[in-house]
Each structure stands twice: as C-alpha cells, then as structure tokens.
Amino acid sequence: DPKLHTAVSDLEVVQEEEDGFMWYIRYPLVEKDGLHGLTHLTVATTRPETMLGDVAVMVHPEDERYRHLIGQQVKLPLCERNIPIIADDYVDKEFGTGVVKVTPAHDFNDYAVGQRHKLEPISILTLDAKINEHAPKQYQGMDRFEARKQIVADLETAGVFDKAEKHKLKVPRGERTGVVIEPMLTDQWFVAMSKPG
C-alpha cells in the first residue's frame, strides 16, 4: 500500500471493476523477421509505466504467428535495453495481441514466469509508488500515474505507440486507504507467536 508504505494481506485488498484502458505498444525487433516480415511485436498492457521493469516478452509456444521468433530479442522502448522473446504456456493466444510483457517485480503472474525462466526482476518503484533509480533518469521521482501519462506521450513521440482502447479491469485497492495497491518485491518479516513444544 503506497500510502501506508507496508505490505497488506490479500484479505485487506478490495478488487473492484473500474473503467480503464488497454495501451498497445510496439516493441521493435532487434533482427528483421525474414519469415513474416514483421518489424515489431505489439504488446497490450493496462499499466504502461511498468514497462520500465520489463525483462522479456512472451508468446505461446504453439502460436504460429510468433513461434519462429522465440529466442530472438526486442528493443524495450524508452530504455536502452534489449530483452528476449520467450515461450510460455501462460500466454492466452486469443487475448490482446498474443504477446505479453514480462515484469516479474510488479506482477504476481509475471513473477512466476520469471522464476520458471530464471529472469532477473527489475523493481522500478519505491514504497510510495514513485519511479526509482532503476528506471531511465527522466522518470525517476515521478508518481506512477504521472509517469504513466509521460510514458504514453513519449511512446507517441518515439513512434511506437499503437493505440489505446477502453477496457474494464479489476483494480486492487487497499481496504483502509482506498489507494491502488502495487504488487512489488519486498522483504517481509514474520513473528512466531508460539514456540514448538
């Protein structure tokens, strides 16, 4: 909870359906696709600011559109990094574009994918949900929602923003604060209330 600066139990999180957007972003291929002539892979996301912590993009291993690209790389827009194209059964071929960004430090499902593929997570948020020093300089210190606006504008300027579509999504909010909860990696401490006899 970015307001309380603490981890909260799932029991303290209220999931409500809200109006949001699905942003479509083009990740350029590092090498030209000789087979289908693709120049980029398009990723759909509801949280574009988390792309700063992307460590891979994934496709379904049996998706004919992309299978030949597994093992190649894409350029992560706005960041000076190339990231791999991996295959994982978690991807729903029918949803969005069939290409999913992988951000293990800021998504529960991506964390599991990261563990399976031995991907190093990159945490890009502070405890109060501001962009940290692991992200490009121009976004450091920005609130996550301010960064979102700036990132979308910068993607448009860079010519890699495809479109935004209205999208209903479940938003996790802290029961006590009403603030949008942010999945992130933190150290957690537990106190033993009883000792084994």
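So, how was this worked out
- Residues numbered from 1 in each chain as written.
- Predicted model: local features only at pLDDT ≥ 70, side-chain atom pairs only at ≥ 80, totals over all residues.
- Heavy atoms only, no water.
- Helix = DSSP H or I, 4+ residues; strand = E, 2+ residues; numbered from the N terminus.
- Rg over C-alpha atoms; globule rule 2.2 N^0.38 Å.
- Buried < 20%, exposed > 50% of the residue type's maximum accessible area, 1.4 Å probe, protein only.
- Contact = heavy atoms within 4.5 Å.
- Areas by Shrake-Rupley, 256 points an atom, 1.4 Å probe, with all protein chains shown as cover.
- Pairing = 2+ DSSP bridges.
- Axes fitted to C-alpha atoms, helices over the stretch in contact; angles between N-to-C directions.
- Phe/Tyr/Trp six-rings, centres within 6.5 Å; stacked < 30°, edge-to-face > 60°.
- Lys NZ or Arg CZ within 6 Å of the ring centre and 35° of its normal.
- Core = buried A, V, L, I, M, F, W, Y, C linked by side-chain atoms within 4.5 Å.

On a plain count of helices and strands, the chain comes out with 2 helices and 7 strands. Start at the N end of the chain and walk to the C end: the helices and strands fall as β-β-β-β-β-β-α-α-β. For 197 residues, the compact-globule estimate of 2.2 N^0.38 gives 16 Å, and the chain sits close to it at 18 Å. Counting all 197 residues of the chain, 40% fall into the buried class. Here the analysis covers contacts within the chain between residues at least 6 apart in sequence; of these, 70% occur between residues at least 24 apart. As displayed, the chain has an accessible area near 11,500 Å², and 51% of this comes from carbon and sulfur atoms.

The next subject is the sheet that holds strand β7 (residues 161-174). If you trace the 3 strands from one edge of the open sheet to the other, you get β2-β1-β7, paired in antiparallel fashion. Both outer strands of the open sheet, β2 (40-45) and β7, are each paired with one neighbouring strand and no more. The mean angle between the axes of side-by-side strands here comes to 20 degrees, regardless of whether they run parallel or antiparallel. One ladder, built from 13 bridges, connects strand β1 (residues 13-28) with β7; its direction is antiparallel. Of the residues in β7, the one forming a bridge with E18 is L169.

Attention shifts here to the packing of aromatic side chains. One pass over the structure, following the stated rule, counts 1 aromatic pair. Pairing F21 with W23 gives two aromatic rings, centres 5.6 Å apart and planes at 45 degrees, and the pair type is tilted. Judged by relative accessible area, which is 12%, W23 ranks as buried. Between the NZ or CZ atom of K163 and the centre of the ring of Y24, over which it lies, the distance is 4.7 Å.

Let us now look at the nonpolar core. Within the largest apolar cluster, 29 residues are counted, with the highest numbers of intra-cluster contacts made by Y27, L41, L52, V57, V74, I85 and I131. For this core, the secondary-structure elements that each account for two or more residues are β1, β2, β3 (56-59), β4 (73-76), β5 (81-87) and α2 (144-158). In terms of residues, this core owes the most to one element, α2, which gives 4 residues. Residues A56, M58, V102 and V113 belong to the second largest nonpolar core, which totals 8 residues.

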